[in-house]
Every structure is written in C-alpha cells, then in structure tokens.
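Coordinate inspection notes
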Amino acid sequence: ANKNKGKRFTATTTSSNSSSSINYIDILMTMQIDIITVSFARDKEDKEGGGGGINGSKNLGILIGFLCKYRDLMEELADEFGLPLPLSMDLQKLILPVTAKYINAINPRMQAVMMQIVMTEKNLKDPPEETKEGHVYTHLGNDLFSVLQKQFSLAKRNHFTREAAWQIGLSAGYQVHNVQSMLLEWISAARIDPSDQTIQLPTMEKEEGEVEVKKTEMHIAALINTAGFIEAHAPSLLIQAEEERGRNSRRRSIRGSEDGDQNAEMAAASEMLKRDISVNNDRIVSSASMVLVRLVAETLRELMEKKLFTKPHISSGKIVGGIVETIYDYFSDFRRWIKERRHVVELMRSIIRRIIAVYIKALTKNHWSVTWDINSPALVRMASDRKEFMELIKKVKKRMSHGSLSSETAIMVEALEVDLDIFAVLRRLLLAKSVPDIQMEYGSYFQFFTEAGYDKVVAKDSFQKLLAIKRSVGRKARMAIMKKHADHV
C-alpha cells in the first residue's frame, strides 16, 4: 500500500469514464500483490517463531480479518459502481489456508480447556443439580458450548466471514467430537462394585494419580442428559457456520465450477461432522444406559441366582414379585431424572432384557434335569412369572403415556412386551421332543441374549446349559445341535 501512497482515484458509474475504471482496477490489483507478499512474510515469521502462542494466533487473526474485510469491501464497491470485480484469485485462495493456520495455533489452548471441562466432570463429587421437572444435569454441557460460542463470536467480531467463519464453526464441532470421545472412553471404564452395588469410575487426583471414585445412578443419568444437550446444541454451531459459508458472493459467478467444488467439499465436511457427533451421542447414551442396566442387574443378581427355581420360588410367586417391584422403583427414578422419554424407554427395555436373561441363567443353574411336560411345576411357575413381568410393563406404559410422546417413542413403548416372547421360546424348547424342534428355536434364543447385552459366547453357553436340564436330550444329541450352530460364535 505504501507503493501507492498519494495516488487518488475517483470511481464513477459513467461507462464512458473508462480511464477511471482502469486506474481503479490497476491500483487495487497492485495493492493485492503487496497484501499477498505481506501475508507470506507473516507466515514465515510465524513458522520461525513456532507458529503458535497468543501472539501467533493474534497476528493470524488480524490478518484473516483484514483479508475478509478487504474481500467484502471490494465486492461492495464493484456492486455499487457496476465495475468488474477487482479481486485477485490468489488473494481469495489465501483465506482458507491462513484460517487453518490460525486454528492450528489456537488448538493446543482449546484442547487444554476441553480436557479441563471433562476433568471437572470426572472429579465431581457433589450430586447433580435438578430442574424443576426433576431432570438431573451437571455443568459440562453449558461450559462446553459457552467456550465454543465465545470462540465463534470472537471470530465474527474480528470480521471472519464466509469460509473463514465456516472453518471456525467446523473447528468448534471437532472440539465437541473430541469431548464426546473423552466421555466415551471414561464411561467405558465404569465397573459395578459387587460388594456394595455402586458405580466406580476412574478420576484423576493431582497427587495420587488415577483412582476410582463412586458415582451414583443420578450422575450416570446426568451424562445421558448431557448427550441430549449436545444433540440439541451442536447443530446450532454448524448451522451458524453454514450460514456464513452460504452468504451470497459475486465470487461464485467469477470462479465458476472451482468455487462450486469448494462449496460442495465444505458442505460434505459439515454433514459428515454432524453425523459423527450424532453417532457419538447415541454411543454415550448407550454406554451410560448399559452402566445403569448392569447396576440394576447386580443389585438383583444374588437374589435371583440363589432363589430362582428353588423350591421356595416354584411354590410361591413372592420372589419374582419383589424383583419386579425393585425394577419399577428404579424406573420411577430414571423417568424423573432423564429428560428424553425415548432414552427412558430404551433403558427400561434393556433392563427388562437383562433381568430376564439372568432369570434364564438361574433356571439353567438351579433346576435339575427332568423330563419336561406341560404340568411341570417349573413351567407353571414360569407362566406366572411372565404375568408379573407383563404387569410391570403395563405400569411402565401407563406412566410413560402421561405427557406428550413422539410417534417413535410411542411405538417403542408399545413394543416393550415383545421381549416377553422369550418365555414362549423357553416353553417350546423345554417341551420339544425332537432335535429339529429344538434347532428351530435356537435363532430366537440366541438373538434375545445378544440383544440383552451378552456376547455370543455367553449366549451359546446358556443354550447348551438349557439343553442339559432336558433329560430327553442325550449328550450326543446336544453335541450335534451345538455343532450345527457353531457358526453363531
């Protein structure tokens, strides 16, 4: 710009004043050459100085804001005076890579902030807070999006426009994805302490290194709500970025297909990130829900393993009645704590599946080998137990019907009783007289166990043990059946 100091020009809309137009374009193109030279000089300084730190990112931020403002001003002038757009392609191409360097410069600080947010969640010992509706939450979600929104707002305040603002929004989305990954890794390390039926999760103490800390089911429910919070707020960051990217530009008509290709790539990157964030949210909900499922199962495990299919159980329905009451108590808490109704329904379905799977394992462990018929006491008791589970599901459906439900959630509620079909499968298996009849039920039995959260080896082992309490099926026949279905493992 110093090269052209003192030069003045007068822009005009009069088409005959071609010399003014030429002067105008010549001066601007000369200025753009100087801008690009200064830009690469600044890039060299940043590289020599490490390219990071507060000064590095500040200098890059100033440069990006200047480039965007200059580009936008040139387009406004060209529109106002009806002149060709005097904008160098090299200048326009400079904005994306310089913004990428800016993001690389601020990333170490942003990652440290994200880690601190997650660490605060890990070290949280106080109970989660509750809304007036009873939904539980921690401050992780608010802290996360407060930081990211400030980052995006700062960029816009510094005049990051269009592709530069889009890159900042996309970077914020990747930070969300990073936090999700840290949460998933943390939740996957959860274990249930069988001595006192508590949830143990790793945390980090400054002096002691990594230790475990007890978390209540309220904390886990709050993590499920955090995933819902992220699901609701993450798209807004990307939408803001998309709106900036999509701002109308004279540049598109000049660059043609090249600009169209770049916009298509940007749109594809945004959509892919949206999908990844959504998938991670589902994984957080699934992982946290499975922790709660394991907690409920562990709470009831000793009772079920020791009492089910013993003489007191076969002669009385009180044992399963107590199990069902305990599950309903948990449901009442989960329904109050967890905001999204579909998450509650999915959780209850997983709990019912897991408890019935433990019920079947108790059958194969505690029942002696007999020749089964329709009057077998254990079969009669199983029919009564199914009715107890059905009453539980009816109560759950009644409570869930209070308030508005999405059509998808309503269908899920109605489908809860489908999992009780396993009682009919059990009955047919125990009464089956031939190997083909037994083999017909294997697929349904196997599917139930895998959907209950057990791996294929456990499902196969359970089926083998069920055959062992059928006196009518000899060892040779059992081996033949298991060999035929060995491909399921």
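Bear in mind the structure is a predicted one, so any value in this text is a computation, not a measurement.

Cut-offs applied
Residues numbered from 1 in each chain as written. Predicted model: local features only at pLDDT ≥ 70, side-chain atom pairs only at ≥ 80, totals over all residues. Heavy atoms only, no water. Helix = DSSP H or I, 4+ residues; strand = E, 2+ residues; numbered from the N terminus. Buried < 20%, exposed > 50% of the residue type's maximum accessible area, 1.4 Å probe, protein only. Contact = heavy atoms within 4.5 Å. Core = buried A, V, L, I, M, F, W, Y, C linked by side-chain atoms within 4.5 Å. Lys, Arg positive; Asp, Glu negative; His and termini not counted. Salt bridge = Lys/Arg side-chain N within 4 Å of Asp/Glu carboxyl O. Polar contact = N/O pair within 3.5 Å; in protein donor to acceptor, adjacent residues only side chain to side chain. Axes fitted to C-alpha atoms, helices over the stretch in contact; angles between N-to-C directions. Parallel < 35°, antiparallel > 145°, perpendicular 65-115°, else oblique. Left-handed = near helix turned anticlockwise from the far one by under 90°. Nonpolar A, V, L, I, M, F, W, Y, C, P; charged D, E, K, R; others polar. Phe/Tyr/Trp six-rings, centres within 6.5 Å; stacked < 30°, edge-to-face > 60°. Lys NZ or Arg CZ within 6 Å of the ring centre and 35° of its normal. Patch = residues over 30% accessible without salt bridge, like charges linked within 9 Å, V, L, I, M, F, W, Y side chains within 5 Å. Areas by Shrake-Rupley, 256 points an atom, 1.4 Å probe, with all protein chains shown as cover. Charge placed at Lys NZ, Arg CZ, Asp CG, Glu CD. pLDDT = per-residue confidence, 0-100. 1 Å grid on protein atoms, 1.4 Å probe; cavity = no way out; pocket = protein on both sides within 12 Å on 5 of 7 lines; lining within 4 Å. Points joined across faces, edges and corners; volume = space filled by probe spheres on them. Expected span 1.5 Å × (residues − 1). Arc of directions from axis to C-beta.

Turning next to the overall build of the protein. Along its length, the protein carries 17 helices and five strands. For the protein, with 489 residues in total, the buried portion stands at 47%. For the protein, restricting intrachain contacts to residue pairs at least 6 apart in sequence, the fraction spanning at least 24 positions comes to 76%.

With that out of the way, let us pick up the nonpolar core. A general feature of soluble globular proteins is that nonpolar side chains tend to end up buried together. Counting residues in each nonpolar core, the largest one holds 132 residues, and the members touching the most others are Ile355, Phe389 and Tyr445. Among residues more than four places away in sequence, those in contact with Ile355 are Val296, Ala297, Leu300, Met304, Ile323, Ile327 and Phe389.

Looking at the secondary structure, you find Lys215 in strand β5 (residues 209-215). Among buried charged residues, Lys215 stands out as having no salt bridge; its nearest opposite-charge side chain is Glu121, 6.0 Å away. For Lys215, the side chain forms a polar contact with the main-chain oxygen of Glu121, separated by 3.3 Å. Non-local contacts of Lys215, meaning those with residues more than four positions away in its chain, are made with Glu121, Lys122, Leu124, Trp186, Ile199 and Leu201.

A word on the packing of helix α4 (residues 140-157) against helix α5 (residues 163-188). Here α4 crosses α5 at 160°, and the two axes come no closer than 9 Å. Here α4 is positioned roughly antiparallel relative to α5, judged by the angle of their axes. In this structure, α4 meets α5 at a crossing whose hand is right-handed. Counted together, Leu140, Leu144, Phe145, Leu148, Gln151, Phe152 and Ala155 of α4 and Ala165, Ile168, Gly169, Ser171, Ala172, Gln175, Val176, Val179 and Leu183 of α5 form the full contact between these two elements. Per-class residue counts for the contact of α4 with α5 are twelve nonpolar, four polar and no charged.

On to the packing of aromatic side chains. If you walk through the whole model with that rule in mind, you get 15 aromatic pairs. With centroids separated by 6.0 Å and ring planes inclined at 40°, the aromatic side chains of Phe389 and Phe423 adopt a geometry described as tilted. Within this pair, whereas Phe389 is found in helix α12 (residues 377-400), its partner Phe423 is found in helix α14 (residues 421-431), the two being separated by 34 residues in sequence. Members of the aromatic cluster, joined through ring pairs, are Tyr442, Tyr445, Phe446, Phe448, Phe449, Tyr454 and Phe463. Across from the ring centre of Tyr454, 4.4 Å away, lies the NZ or CZ of Arg354, which sits over that ring. Its guanidinium or amino end placed over the ring of Tyr328, Lys395 lies 4.2 Å from that ring's centre, counting from NZ or CZ.

Moving on, we come to the packing of α14 against helix α15 (residues 435-451). Between α14 and α15, the least distance of the axes is 10 Å, while the angle of their chain directions is 150°. As for the relative orientation of α14 and α15, their crossing is left-handed in sense. Every residue of α15 that contacts α14 at Ile422, Val425, Leu426, Arg428 and Leu429 is listed here: Ile438, Glu441, Ser444, Tyr445 and Phe448. Residue classes in the contact of α14 with α15 are distributed as seven nonpolar, one polar and two charged.

The subject of this paragraph is a negative patch on the surface. Residues Glu231, Asp282, Glu340, Glu346 and Glu408 make up a contiguous surface patch of negative charge. Relative to the assigned elements, Glu346 resides in helix α11 (residues 341-366). Its relative accessible area of 33% is what places Glu346 among the partly exposed residues.

With that settled, the discussion passes to the confidence of the model for the protein. Mean pLDDT over the protein works out to 80, with 79% of the residues at or above the 70 mark. Confidence, read as mean pLDDT per element, is least for helix α7 (residues 251-255) in the protein (46) and greatest for helix α10 (residues 318-337) (95). Note that residues 48-54 has pLDDT below 50 and, in this model, six contacts with residues that lie over four places away or in other chains.

We now examine the layout of surface pockets. Taken as a whole, the largest pocket spans an internal volume of roughly 320 Å³. Taken together, 17 residues make up the lining of the largest pocket; nearest its centre are Tyr137, Asn225, Thr226, Phe229 and Lys339. At the level of secondary structure, the elements contributing two or more residues to the lining of the largest pocket comprise β2 (136-137), α4 and α6 (217-245). With seven residues, α6 is the single largest residue contributor to the lining of the largest pocket.

Let us look at the environment of Leu295. Positionally, Leu295 belongs in helix α8 (residues 257-307). Using a relative accessible area of 2% as the deciding quantity, one classes Leu295 as buried. Spatially, the C-alpha atoms of Leu295 and Ile351 are 9.5 Å apart, while their sequence positions differ by 56 residues. With sequence-adjacent residues up to four places away left out, Leu295 is seen in contact with Ile192, Gln197, Ile199, Glu217 and Tyr330.

Let us look at empty space enclosed by the protein. Under the counting rule described, the total for this entry stands at two cavities of 30 Å³ or more. By volume, the second largest cavity is sized at about 30 Å³. Contributing to the lining of the second largest cavity are Val370, Thr371, Trp372, Leu430, Ala432, Lys433, Lys470, Arg471 and Ser472.

Right, let's talk about helix α16 (residues 456-468) for a bit. Between its first and last C-alpha atoms α16 spans 19 Å; for 13 residues at 1.5 Å apiece the expected length is 18 Å, and the two agree. Of the positions making up α16, those classed as buried are Ala459, Ser462, Phe463, Leu466 and Leu467. Each buried residue of α16 lies within a common arc of 140° when the element is viewed along its axis, so the set occupies one face. For α16, the secondary structure elements touched by its buried residues are α11, α14, α15 and α17 (475-484). The backbone nitrogen of Val457 lies 3.2 Å from a side-chain oxygen of the residue at the head of α16, namely Asp455.

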